[in-house]
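# Analysis of the macromolecular model
So the chains spell out like this:
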Amino acid sequence: MELLYEGKGKQVFLTDDPDLVVFRFKDEATAFDGVKKESFGGKGEMCATITEILMNLLEKNGVRTHFVKRLSNNEMLVKRCFMLPIEVVVRNYSAGSIAKNLGLKKGIKFPFPIKDLFYKSDELHDPMLNDDRAVALGFVTFDELDVLYNSALKVNEVLSSFLLEKGIILADFKLEFGKFKDSILLADEITPDSMRLWDKDTLEPFDKDRFRFDLGDLLAGYRLFLEKITK
Ligand code: UDP
């Protein structure tokens, strides 16, 4: 297969069908713009499994995604999208950059889900945008932003309630979207690399913060998360 793109966490390959590409999840974990990097055997497979489960759940609840089908332990077939160069973050609890930038304690519950936008650029370290900036710079239209925000809030509702039933708090997460023909699809991955997931009782993280801040065995956290959501 011809490699179309390689990122920090995945490779994308062309297929015979111009509308479909293969996503292969890598075993590497990276943090802080790739400064911290380590390989974890089996991580790619777990991330593929988690993305498959959560995208299927979202599709069942009316969110349109790029997911088509699982191909192998670490590969899935997806619709080939024209990716929007922005990341949509939804936050239910304070953590990460919002806690750091605003001097907040970690773990404060917000009165409503906060939506943040970032420009995808490793070079510029993913600077924060707002609606006007994103539209004025030509990344999206206001109508498209409405679609992204509505979809992101729906994803938050569906995932938060599903996970809470499994004893997990969805503190925040990042989504990426792409254009496919005339529609906008939820694309990329939904994994503990792109979400903050805390044990409901102990607030222990299951996600990549284990790796970012040396809070425990990364694979063990992902495995535990997978066990909880498949029980
Ligand atoms: N996130 C991500 N990719 C990025 C930046 C953030 O997947 O390039 C996720 C991150 O894992 C967290 C959420 O988005 O679940 C919010 O991240 P935040 O803005 O707090 O940034 P961080 O401190 O994680 O860099």
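Residues numbered from 1 in each chain as written. Predicted model: local features only at pLDDT ≥ 70, side-chain atom pairs only at ≥ 80, totals over all residues. Heavy atoms only, no water.

## Regarding the site of the ligand
Taken together, 16 residues lie around the ligand, and R91, S97, D172, R196 and R212 are the ones closest in. Here an oxygen atom of the ligand sits 2.8 Å away from a polar atom, N or O, in the side chain of R91. Separating an oxygen atom of the ligand from a side-chain N or O atom of D172 is a distance of 2.5 Å. Summarising the interface, the protein chains cover 78% of the accessible area of the ligand, which totals 500 Å² for the free molecule. Elements represented by at least two residues in the shell around the ligand include exactly strand 9 (86–93), helix 2 (96–102), strand 12 (168–180) and strand 14 (195–199). Looking at the shell around the ligand, its residues break down into five nonpolar, three polar and eight charged. (Near = heavy atom within 4 Å. Polar contact = N/O pair within 3.5 Å; in protein donor to acceptor, adjacent residues only side chain to side chain. Areas by Shrake-Rupley, 256 points an atom, 1.4 Å probe, with all protein chains shown as cover. Helix = DSSP H or I, 4+ residues; strand = E, 2+ residues; numbered from the N terminus. Nonpolar A, V, L, I, M, F, W, Y, C, P; charged D, E, K, R; others polar.)

## Some details on the environment of K37
For K37, the location among the structural elements is in strand 5 (residues 36–39). Residue classification places K37 among the exposed residues on the basis of a relative accessible area of 58%. Between the C-alpha atoms of K37 and F139, which are 102 residues apart in sequence, the distance is 30 Å. Those residues in contact with K37 that lie beyond four places of it in its chain are E28, A29, T30 and F211. (Buried < 20%, exposed > 50% of the residue type's maximum accessible area, 1.4 Å probe, protein only. Contact = heavy atoms within 4.5 Å.)

## Some words on the sheet that holds strand 6 (residues 67–72)
Taken together, five strands build an open sheet; the order of strands is 1-2-3-7-6 and the sheet is antiparallel. Each edge of the open sheet is held by one strand with a lone partner, namely strand 1 (3–6) and strand 6. Across the sheet, the mean angle separating the axes of adjacent strands is 25 degrees when strand polarity is ignored. Here helix 1 (residues 43–60) sits on the sheet in contact with strand 3 (20–25), strand 6 and strand 7 (75–79), set at roughly 150 degrees to strand 6. (Pairing = 2+ DSSP bridges. Axes fitted to C-alpha atoms, helices over the stretch in contact; angles between N-to-C directions.)

## Concerning a negative patch on the surface
Taken together, the side chains of D131, D132, D143 and D146 define an acidic patch exposed on the protein surface. Among the elements of the structure, helix 3 (131–136) and helix 4 (142–165) are those that each provide at least two residues to the negative patch. Here D131 lies in helix 3. Residue D131 is classed as partly exposed on the basis of its relative accessible area, which comes to 31%. (Patch = residues over 30% accessible without salt bridge, like charges linked within 9 Å, V, L, I, M, F, W, Y side chains within 5 Å. Salt bridge = Lys/Arg side-chain N within 4 Å of Asp/Glu carboxyl O. Lys, Arg positive; Asp, Glu negative; His and termini not counted. Charge placed at Lys NZ, Arg CZ, Asp CG, Glu CD.)

## Points about empty space enclosed by the protein
If you walk through the whole model with that rule in mind, you get one cavity of 30 Å³ or more. The space that makes up the largest cavity amounts to roughly 40 Å³. In this structure, the largest cavity is lined by G9, K10, F25, K26, K43, C47, E189 and D193. Per-class residue counts for the lining of the largest cavity are two nonpolar, one polar and five charged. (1 Å grid on protein atoms, 1.4 Å probe; cavity = no way out; pocket = protein on both sides within 12 Å on 5 of 7 lines; lining within 4 Å. Points joined across faces, edges and corners; volume = space filled by probe spheres on them.)

## Section: the pattern of salt bridges
Note that side chains of opposite charge can pair when their charged atoms are close. Applying the stated rule across the entire model yields 19 salt bridges. When the shortest N-O distance is used, the salt bridge between R70 and E52 registers 2.7 Å. With R70 in strand 6 and E52 in helix 1, the pair connects residues that are 18 residues apart, well separated along the chain. Residue classification places R70 among the partly exposed positions, given a relative accessible area of 22%.

## Observations regarding the state of the cysteines
Under the criterion given, the structure shown has zero disulfides. The thiol of C81 is unpaired, and the distance to the nearest cysteine sulfur, on C47, comes to 19 Å. The class for C81 is buried, based on a relative accessible area of 15%. (Disulfide = S-S within 2.5 Å.)

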